Amino acid sequence: MSTTESTSTGPAPSSPPGRPRPSRTGPVPATPADQVLSASDEIKRRGLRKMKTIATGALVLMAVIFVVAFSLEDRYPWLGYVRAMAEAGMVGALADWFAVTALFRRPLGLPIPHTAIIPNRKDAIGSSLSEFVATNFLSESVVREKLAAFSVAQRVGEFLARPEAAKRVTAELASAVRGISNVLSDDQVADLLEKMARRKIDETKIGPPLGRIAAEVFARGDHRPFVDMVADRCYEWIRDNYTSVSRVVSQRAPSWSPRFLDDIVADRIYNEVLNFARAVKDDPQHQLRLSLDVFLGEFAQDLQHDEATIERAESIKDQVVGNAEVRSLATSFWQSVKDSLLRAAEDPDSPLRRSVTDGLIGFGRRLQDDPELTAKVNGWVADVAGYIARNHARNITGIIDDTIARWDGEATSRKIELQVGRDLQFIRINGTVVGALAGLVIYTLAQLLLT
């Protein structure tokens, strides 16, 4: 048997009409399909060579038997049976050698039509294989049927309910958080947060919601501790700053006023202001406090209903949002959140990771014990998988087309032969044996019935 390989593969024909092919622009560079052989491929190559030797040996054996039987048939007529058997065995061996070889190369290098099928038609074979996988393995009905039998929710629940599995998932999530933090640029995230905040603030009038919140706060009296603090601080400042108060009085006094008279007036005014501040501090029902409550309540209502007040609040909002400190706030906020997440992700005993682990375990147990939730999750998974299979199955299997299209024809042939050639050599051996038996039976029947 000749193992000569033809270098002429011819142009690859286009895929059959009606079969969609993933679009490719420009020539696709051919890449060797068997450029580097793995250890398992080396074992397969040795096995292929061994089987080729055995199959070729069977053909040679039939040829030797045929020559011997043909030479001695006149002296020993019974050798006619052996000759017929060997002759048919050679025919079967040669026919199957031709069939197997024609798949991968041109037999004896001869340009026989419909040979070297794989090198010449690899693109069409890839398209057919891709179409076959998409139709028979990724069709919506098949995908839904397999998912229904698999029960994704139940299996996920069984997995997550195991503490060690939940911890492993949490660890993977922590790794993902670290990866995302490395990929994301702090400036980009800060820009995004700033833009989101600005857009949301611009879309919302701040006056009415702020007025509603203020009205509730004032109605409950939650502002009074703050008023107490302000009153205390005012009283303390006046008590500790006699000189500042008296200086104001002296500066406001007429130039012709005697100094001692200014001191008396300043001392009297200071004592009155101090007594007034003490009274406001000590008396929760002081008139100033009650007047302040009324003012704050009216202001809260104005924020909700008075157009002038609402517009002033909007103007203040625009000034605040336009301040350069907003970006700095967004940056510091993201940095703080990121640092907190990274610290929590790095620490296996952090409250965040424990909380995530406990949540996963609880969710897994719910998936096991709650048939309604299980049915919902299975339905969602089936719908998503069904949508992908219905709309993108051919795009998914298109990787088969693209991969085979990039392979060199001869290299593809050698690669496929390496994977399945050993089994194909059994066809040659079987052809030799079956041909020999068929030849013996035919010759025997002919002798019995025709002579």
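To start, this report covers the structure provided alongside it. Computed from a predicted structure; not experimentally measured.

**Quick notes on helix α6 (residues 152-160)**
For α6, the full list of buried residues reads Val152, Ala153, Gly157 and Leu160. Summarising the axial view, the buried residues of α6 lie within an arc of 130°, below the 170-degree limit, and thus occupy one face.

**Details of the pattern of salt bridges**
If charged atoms from side chains of opposite charge come close, those side chains can pair. According to the stated counting rule, one finds 18 salt bridges in the structure shown. Among the salt bridges present, the one from Asp123 reaches Lys122, with a minimum N-O distance of 3.0 Å. On the basis of relative accessibility, which here comes to 16%, the residue Asp123 falls in the buried class. Residue classification places Lys122 among the buried residues on the basis of a relative accessible area of 9%. Linking Asp282 and Lys281 is a salt bridge whose minimum nitrogen-to-oxygen distance equals 2.8 Å. Residue classification places Asp282 among the partly exposed positions, given a relative accessible area of 47%. Salt bridges sharing common partners tie together Glu140, Arg144, Asp383 and Arg390.

**Quick look at the packing of α6 against helix α17 (residues 371-406)**
Axes are the key here: two packed helices are described by the angle between their axes and the distance separating the axes. Between α6 and α17, the least distance of the axes is 8 Å, while the angle of their chain directions is 115°. Across the interface between the two elements, Val152, Ala153 and Gln154 from α6 touch Thr374, Val377, Asn378 and Val381 from α17. The residue inventory of the contact of α6 with α17, partitioned by class, reads four nonpolar, three polar and no charged.

**Topic: a negative patch on the surface**
On the surface, a cluster of negative charge is made up of Glu298, Asp302, Asp306 and Glu307. Relative to the helices and strands, Glu298 resides in helix α13 (residues 287-305). Since its relative accessible area comes to 48%, Glu298 is described here as partly exposed.

Procedures and definitions
Residues numbered from 1 in each chain as written. Predicted model: local features only at pLDDT ≥ 70, side-chain atom pairs only at ≥ 80, totals over all residues. Heavy atoms only, no water. Buried < 20%, exposed > 50% of the residue type's maximum accessible area, 1.4 Å probe, protein only. Helix = DSSP H or I, 4+ residues; strand = E, 2+ residues; numbered from the N terminus. Arc of directions from axis to C-beta. Salt bridge = Lys/Arg side-chain N within 4 Å of Asp/Glu carboxyl O. Axes fitted to C-alpha atoms, helices over the stretch in contact; angles between N-to-C directions. Contact = heavy atoms within 4.5 Å. Nonpolar A, V, L, I, M, F, W, Y, C, P; charged D, E, K, R; others polar. Patch = residues over 30% accessible without salt bridge, like charges linked within 9 Å, V, L, I, M, F, W, Y side chains within 5 Å. Areas by Shrake-Rupley, 256 points an atom, 1.4 Å probe, with all protein chains shown as cover. Lys, Arg positive; Asp, Glu negative; His and termini not counted. Charge placed at Lys NZ, Arg CZ, Asp CG, Glu CD.

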